[in-house]
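One-letter residues, chain by chain:
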Number of protein chains: 4
Amino acid sequence: MQFEDLNIDHISEADVVFLAVPHGASMDLVSQLLDLDIKIIDLSADFRIKDPKIYERYYREHTCPELLEEAVYGVPELRREMIKEAKLVANPGCIAVTAILGLAPVIKIVNHDYIIIDAKIGSSAAGETPTQASHHPERNNVVRIYKPTGHRHTAEIEQEVGLIANKPVKVGLTPHAVGMVRGLLVTIYTYFSREIEDKDVWRALRTFYRDEYFIRVVKEKKILHGLPNPKILVGSNFCDIGFSLDGHTNRLIMFSALDNLIKGAAGNAVQNMNLMFGLREEIGLHYASLHP
Amino acid sequence: MQFEDLNIDHISEADVVFLAVPHGASMDLVSQLLDLDIKIIDLSADFRIKDPKIYERYYREHTCPELLEEAVYGVPELRREMIKEAKLVANPGCIAVTAILGLAPVIKIVNHDYIIIDAKIGSSAAGETPTQASHHPERNNVVRIYKPTGHRHTAEIEQEVGLIANKPVKVGLTPHAVGMVRGLLVTIYTYFSREIEDKDVWRALRTFYRDEYFIRVVKEKKILHGLPNPKILVGSNFCDIGFSLDGHTNRLIMFSALDNLIKGAAGNAVQNMNLMFGLREEIGLHYASLHP
Amino acid sequence: MQFEDLNIDHISEADVVFLAVPHGASMDLVSQLLDLDIKIIDLSADFRIKDPKIYERYYREHTCPELLEEAVYGVPELRREMIKEAKLVANPGCIAVTAILGLAPVIKIVNHDYIIIDAKIGSSAAGETPTQASHHPERNNVVRIYKPTGHRHTAEIEQEVGLIANKPVKVGLTPHAVGMVRGLLVTIYTYFSREIEDKDVWRALRTFYRDEYFIRVVKEKKILHGLPNPKILVGSNFCDIGFSLDGHTNRLIMFSALDNLIKGAAGNAVQNMNLMFGLREEIGLHYASLHP
Amino acid sequence: MQFEDLNIDHISEADVVFLAVPHGASMDLVSQLLDLDIKIIDLSADFRIKDPKIYERYYREHTCPELLEEAVYGVPELRREMIKEAKLVANPGCIAVTAILGLAPVIKIVNHDYIIIDAKIGSSAAGETPTQASHHPERNNVVRIYKPTGHRHTAEIEQEVGLIANKPVKVGLTPHAVGMVRGLLVTIYTYFSREIEDKDVWRALRTFYRDEYFIRVVKEKKILHGLPNPKILVGSNFCDIGFSLDGHTNRLIMFSALDNLIKGAAGNAVQNMNLMFGLREEIGLHYASLHP
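Let me sum up the structure you'll find in this document.

What counts, and where the lines are drawn
- Residues numbered from 1 in each chain as written.
- Chains lettered and ligands numbered in written order.
- Predicted model: local features only at pLDDT ≥ 70, side-chain atom pairs only at ≥ 80, totals over all residues.
- Heavy atoms only, no water.
- Pairing = 2+ DSSP bridges.
- Helix = DSSP H or I, 4+ residues; strand = E, 2+ residues; numbered from the N terminus.
- Contact = heavy atoms within 4.5 Å.
- Axes fitted to C-alpha atoms, helices over the stretch in contact; angles between N-to-C directions.
- Parallel < 35°, antiparallel > 145°, perpendicular 65-115°, else oblique.
- Left-handed = near helix turned anticlockwise from the far one by under 90°.
- Nonpolar A, V, L, I, M, F, W, Y, C, P; charged D, E, K, R; others polar.
- Disulfide = S-S within 2.5 Å.
- Buried < 20%, exposed > 50% of the residue type's maximum accessible area, 1.4 Å probe, protein only.
- Least-squares fit on C-alpha atoms with pLDDT ≥ 70 in both.
- Patch = residues over 30% accessible without salt bridge, like charges linked within 9 Å, V, L, I, M, F, W, Y side chains within 5 Å.
- Areas by Shrake-Rupley, 256 points an atom, 1.4 Å probe, with all protein chains shown as cover.
- Salt bridge = Lys/Arg side-chain N within 4 Å of Asp/Glu carboxyl O.
- Lys, Arg positive; Asp, Glu negative; His and termini not counted.
- Charge placed at Lys NZ, Arg CZ, Asp CG, Glu CD.
- Buried area = accessible area lost by both parts, 1.4 Å probe.
- Polar contact = N/O pair within 3.5 Å; in protein donor to acceptor, adjacent residues only side chain to side chain.
- Phe/Tyr/Trp six-rings, centres within 6.5 Å; stacked < 30°, edge-to-face > 60°.
- Lys NZ or Arg CZ within 6 Å of the ring centre and 35° of its normal.
- Expected span 1.5 Å × (residues − 1).

1. Topic: the sheet that holds strand β11 (residues 251-258) of chain C
Residue and element names in this part refer to chain C. The seven strands lie next to each other as β6-β7-β5-β8-β11-β10-β9, forming an open sheet whose pairing is mixed. Edge strands, defined here as strands with exactly one partner in the open sheet, are β6 (144-145) and β9 (215-217). By the bridge criterion, eight bridges tie strand β10 (residues 239-246) to β11 in an arrangement that is antiparallel. When the sheet's bridge partners are listed, Gly 242 is paired in β11 with Phe 255. The strands touched by helix α5 (residues 94-103) within the sheet are β5 (116-121), β7 (172-177), β8 (184-191), β9, β10 and β11, with β8 carrying the most contacts at an inclination of about 45 degrees.

2. Some thoughts on the environment of Val 218 of chain D
All names here are of chain D. Tracing the sequence through the fold places Val 218 in the loop between β9 (215-217) and β10 (239-246). Distance in space between the C-alpha atoms of Val 218 and Val 186 is 14 Å, their sequence separation being 32 residues. With sequence-adjacent residues up to four places away left out, Val 218 is seen in contact with His 225, Gly 226, Leu 227, Pro 228, Asp 240, Ile 241 and Gly 242.

3. Side note on the packing of helix α5 (residues 94-103) of chain D against helix α7 (residues 153-165) of chain D
Two numbers describe a pair of packed helices, the interaxial angle and the distance between the axes. Residue and element names in this part refer to chain D. Packing of α5 against α7 leaves a shortest axis separation of 9 Å and a crossing angle of 30 degrees. When the interaxial angle is binned, α5 and α7 end up roughly parallel. Regarding α5 and α7, the two cross each other, and that crossing is right-handed. Between α5 and α7, the contacting residues are Cys 94, Ile 95, Ala 96, Ala 99, Ile 100 and Leu 103 on the first element and His 153, Glu 156, Ile 157, Glu 160 and Val 161 on the second. Among the residues making up the contact of α5 with α7, the classes are represented as eight nonpolar, one polar and two charged.

4. Notes on the state of the cysteines
All names here are of chain C. Scanning the model with the defined rule gives zero disulfides over all chains in all. With no disulfide of its own, Cys 239 lies 12 Å from the sulfur of Cys 94, the closest cysteine sulfur. For Cys 239, a relative accessible area of 0% translates into the label buried.

5. Regarding the relation of the copies chain C and chain D
Two chain copies, one operation linking them: a rotation about an axis together with a shift along it. Superposition record for chain C on chain D: RMSD 0.0 Å, screw rotation 180 degrees, translation along axis 0.0 Å. Look at the turn and shift together and you get a two-fold axis relating the two. Within chain C, the C-alpha atom positioned nearest to the axis of rotation is that of Gly 179 of chain C, 2.1 Å from it. Here 100% of the interface residues in chain C have copies in chain D that are interface residues too; the copies meet face to matching face.

6. Points about the sheet that holds strand β9 (residues 215-217) of chain A
Residue and element names in this part refer to chain A. Read from one edge of the open sheet, seven strands run β6-β7-β5-β8-β11-β10-β9, paired in mixed fashion. For this open sheet the edge positions go to β6 (144-145) and β9, each flanked by a neighbour on one side alone. Of the strand pairs in this sheet, strand β8 (residues 184-191) and strand β11 (residues 251-258) are connected by eight bridges, and their pairing is antiparallel. From the neighbouring strand, Leu 184 faces β11, where its bridge partner is Leu 258. Across the sheet, helix α5 (residues 94-103) is in contact with β5 (116-121), β7 (172-177), β8, β9, β10 (239-246) and β11; its angle to β8 comes to roughly 45 degrees.

7. Some words on the environment of Cys 94 of chain C
Residue and element names in this part refer to chain C. Residue placement: Cys 94 occurs in helix α5. For Cys 94, a relative accessible area of 15% puts it in the buried group. If we skip the residues at most four places from it in the chain, Cys 94 touches Ile 121, His 153, Leu 184, Asn 260 and Gly 264.

8. Description of a positive patch on the surface
On the surface, Arg 60, Lys 147 and Arg 152 of chain A together with Lys 221 and Lys 222 of chain B cluster together to form a positively charged patch. Here Arg 60 of chain A shows up in the loop between α3 (52-58) and β3 (72-73).

9. Quick notes on the interface of chain C and chain D
Chain C puts 54 residues into the contact, and the matching count from chain D is 54 residues. Around 4300 Å² of area is buried between chain C and chain D when both sides are counted, 61% of it from carbon and sulfur atoms. Sorting the residues of chain C by area buried against chain D places Val 143, Leu 224 and His 248 of chain C first, and these three jointly supply 16% of that buried surface. Linking chain C with chain D are two salt bridges. Close ionic contact of Lys 120 of chain D with Asp 118 of chain C constitutes a salt bridge, the shortest N to O distance being 2.8 Å. Inspection of the chain C/chain D interface yields 22 residue pairs in polar contact (both at pLDDT 80 or more). A class-by-class count of the residues in the side of chain C that touches chain D yields 27 nonpolar, 17 polar and 10 charged.

10. Notes on the pairing of β8 of chain A
Residues and elements named next belong to chain A. The element β8 is extensively covered by neighbouring structure, given that eight of its eight residues are classed as buried. Covered by surrounding structure in β8 are Leu 184, Val 186, Ile 188 and Thr 190 together with Leu 185, Thr 187, Tyr 189 and Tyr 191, the residues of both alternating faces. One ladder, built from six bridges, connects β5 with β8; its direction is antiparallel. Across the sheet, residue Ile 116 finds its bridge partner in β8, namely Tyr 189.

11. A few points about the interface of chain B and chain A
Across the contact, 54 residues belong to chain B and 54 residues belong to chain A. Between chain B and chain A lies a buried interface of about 4400 Å² when both sides are counted; carbon and sulfur atoms form 61% of it. For the chain B face of the interface with chain A, the top three residues by lost area are Val 143, Leu 224 and His 248 of chain B, together amounting to 16%. At the boundary of chain B and chain A, one finds 22 residue pairs in polar contact (both at pLDDT 80 or more). Residue classes in the side of chain B that touches chain A are distributed as 27 nonpolar, 17 polar and 10 charged.

12. Here's the deal with the packing of aromatic side chains
All names here are of chain B. This model, assessed by the stated rule, comprises 36 aromatic pairs over all chains. A centroid spacing of 6.2 Å and a plane angle of 80 degrees characterise the contact between Tyr 114 and Tyr 191, whose relative ring orientation is edge-to-face. In this pair, Tyr 114 is assigned in the loop between α5 (94-103) and β5 (116-121) and Tyr 191 in strand β8 (residues 184-191), connecting sequence segments 77 residues apart. Its end group placed over the ring of Phe 277, Lys 39 keeps NZ or CZ at 4.7 Å from the ring centre.

13. Some remarks on the relation of the copies chain B and chain A
If you rotate chain B by 180 degrees and push it 0.0 Å along the axis, it lands on chain A with an RMSD of 0.0 Å. Comparing contact sets, 100% of the residues at the interface of chain B also lie at the interface in chain A, consistent with an isologous, same-surface contact.

14. Looking at the environment of Met 82 of chain A
With respect to the helices, strands and loops of the structure, Met 82 of chain A is situated in helix α4 (residues 76-85). Counting along the chain gives 11 residues from Met 82 of chain A to Ala 71 of chain A, while the straight-line C-alpha distance between them is 9.6 Å.

15. Thoughts on the side chain of His 62 of chain B
Residue and element names in this part refer to chain B. With respect to the secondary-structure elements, His 62 resides in the loop between α3 (52-58) and β3 (72-73). With a relative accessible area of 7%, His 62 lands in the buried category. At a separation of 3.0 Å, a polar atom in the side chain of His 62 contacts the main-chain amide nitrogen of Cys 64. Beyond its immediate chain neighbours, meaning those up to four positions away, His 62 contacts Met 27, Asp 46, Phe 47, Pro 52, Tyr 55 and Leu 68.

16. Things to note about helix α7 (residues 153-165) of chain B
Residue and element names in this part refer to chain B. Across its 13 residues, α7 extends 18 Å between first and last C-alpha, which sits within 8% of the 18 Å expected from 1.5 Å per residue. Most of α7 is tucked away, with 12 of its 13 residues classed as buried. Among the residues making up α7, those that are buried are His 153, Thr 154, Ala 155, Glu 156, Ile 157, Glu 158, Gln 159, Glu 160, Val 161, Gly 162, Ile 164 and Ala 165. Immediately beyond the C-terminal end of α7, within one or two residues, lies Asn 166, with a positive phi of roughly 70 degrees.

Written out as structure tokens, the structure is:
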């Protein structure tokens, strides 16, 4: 895609542009927009990864590496202050933001060598173009492994979680297409070395998310949706987080769920825009979700 | 349930009885049936676990522990010869048989300390009784964690896999209800210590399953259902197994899929019956599955 | 249900009560609430039918017939001015309001002897109580005829449409449960005696619904959802109406779609409340629906 | 498509060819195959309509009208003896065969001027090619009117039902895409002039279908699937037929359900083949359907 394809006359008056272009197309657009003093929220992957070599491994050669440092990875719950000052925000991948929000608070209390992220995701995550995989007779009632290893969001997750852990972290990510349209659940399996208890995890979550409007800790024994469930988040910008400790195998399991089209994409982008313009973060994002 | 509830006149002439009673009810029935020289295929959990203390931990006190040794755990692919001679076969749990068939062939080449089983399962696995959880408005389009830790099938899996490993093995099992009626996929995350390659896993699978009619290794790159997918097993007694190696994190991921009502329950029971009566194993089980 | 079960202390201070009680329970509550000068929006069927004999035929004996005349049948698009003055509004049945909104504008141009209403409805319309019919394995992927003839909403439709036609009208109504949670489409088959053209129907619809905020006429040839489709109304209070003329058989087919939980129930009730209190009709009902 | 595209060497040895080609492609292939003395079961629409002018109205100009008389419309339940002798069988459209099987037995007792066929159909009926309409996020949870009037199967239904009625009959057909993959239900609304009772309809059905293996009359009051439901026919070659009389409006409603890929397509074609070769009609078609 060339920048000329866009209607420059309208854009030059804009305060902000949401770039919803294919991966690889943002790299060529961003510097021109920044020259026009337009703020950018980039929904592609081009400015998410700080290290151009890692970007290249998962995507292609980066043609605009000089802007990588300036770009801010757009998870408001992690770096609100940087987003407020940013001119270029890289909106995160949907699986990445879900996994990061679930894993970040506990990364310091778990073993970094055995972290597994099992993602279950709805059909809307695959985009608007009909394919054999999205053809209803093939897609309905399916549990399809669509990228057993090497999924691109691995890079974002490792980068962001590594920054919090203060050392490199590797994660194994396997996404599965399941029978729904909207929604994403990640089940994050970790092991702990020192003994930990429920209250340690509660404390970690409270510390991390004390004042977060869009993060809810969900952990109830006796109700139907007592752990995070993407079904009851449809239409909302909330990310629900829960956990379970397994003494039998010394594991801490984290659950993180959201609507992949809202908090996993456009809603999170609006949240970023609100911050960039000094607005209250939740403006335009008050919808509470549909149930059932 | 009391044995008197059954029509003893008809049963006393039977060659075989399929006990489809609640967990806990088989214990009281089995010895009476064996006295009548009737073979039993027990679909409850009562005779699956050899150690009555472990049974008690997951279920309740065992009232008939003296028959536990005689009972044969009914996965034909693991102990065909014993089933042929058995009078009492304990048909396995649906998640258990799926996980065991995926994990057993590779248990000797993976690290026993970090084995995670993430199960995705259809609504028919919850049985015939309507509940709030099975109510269509609540159950449709859902990804619901229904037992984050401590699921009962853990005991069966650890017992059977431990026998093959020749030492105790612990596994972490987390089942998720997903949007379909029939079908079960387990994703088994393991780590390896020594380097292994694709051909090592192929060899392990070939060795284990060379002549198995109902096991298919599914691992194709370029087709839609190139890894095990329960959707295309609906109605059949096949169990499809696949894998993926992840050099990035030294992981071997095993995938195992089946129809929970057939190979995960009644079909596997018929397969056991065929063996017990010297019939060809696949009689009555030739249906190839519906697709789409 | 007895009125004593309700917390009278709180209610006595209320301006309005939404009665979401089973059919038959409102009859005993309403007069007591009216005595307290509380406005009532009754979501049960008890005050929808003006003729107590017809009520009795479809439900049971009416114990409070003296209030039937005072009650206003709550379709704002039909009798806005009466609702503004009403103390007791009978919120319509979900199939009834959908059918009435589709049929009312054209009732004067079609043959009254052959009117057929085929309804397709999601699982949420059956209420919150799990039953065998709502059990996910039974309800998923279903097209189930649940009341081939004699459905109770027939009475409401005939009453309201007959008032507009200025003479008794009979309709045949057959609802089918189809594979979705929220949503309701009625396909209304009618015949015309005099020749009519597209523009006649457009004129009838424009005349009837010129200023209606929540009614949209949807009739586009070249787009995917160019006729009313409940899927794209999920979460909104809109009712979409479309039509098709069939010269081959002299038929006019009307289509009417809505979200059965919003415009078919609670949303319509809020719309009534807004009118009863002199508020703008769409307050609290601005949500535009989720898609996909 | 040209006949040269087919592998003539293999075909010339064949006894029978199933032509699963697009509408319009069979016309050019059939005469060449007949010259080779090969029997043909044509799954396209090209030889279903006897009158080339009607074919042209719904499809295109017919290039091989001289074979139209020889072709036999392939509903075994209507013309078994002709199919046994046929060289060219036109396998019916899926909606057409469903509607014909439901309407034919009662056409002589209902008013011919007001016949409405409302069809509800699964996504597999739209074929294998992914489109925007079949894209899972758009197709899931939908009730989409995809051809309000003028659907092509109208011609087949009118032709076959007219033959039985012994005079021209017009029907109005409106198909709706609903939330399932396999399955088709038609609800056929008719009016009666003389009073009729349940036993009259039972007698008509018994007379028509007395010895039919694949037709089942389903009409039970107290069970969940007591009227025809495509869900419980998935995978089978059965067509279930039921009815309901409505004294309120003098209507007889017929219900007819089947699996659109089996009795609505390939299964019916195999049934035709069996007849053409003097085999028992149900050979290869014994599968009893999956439930749930």
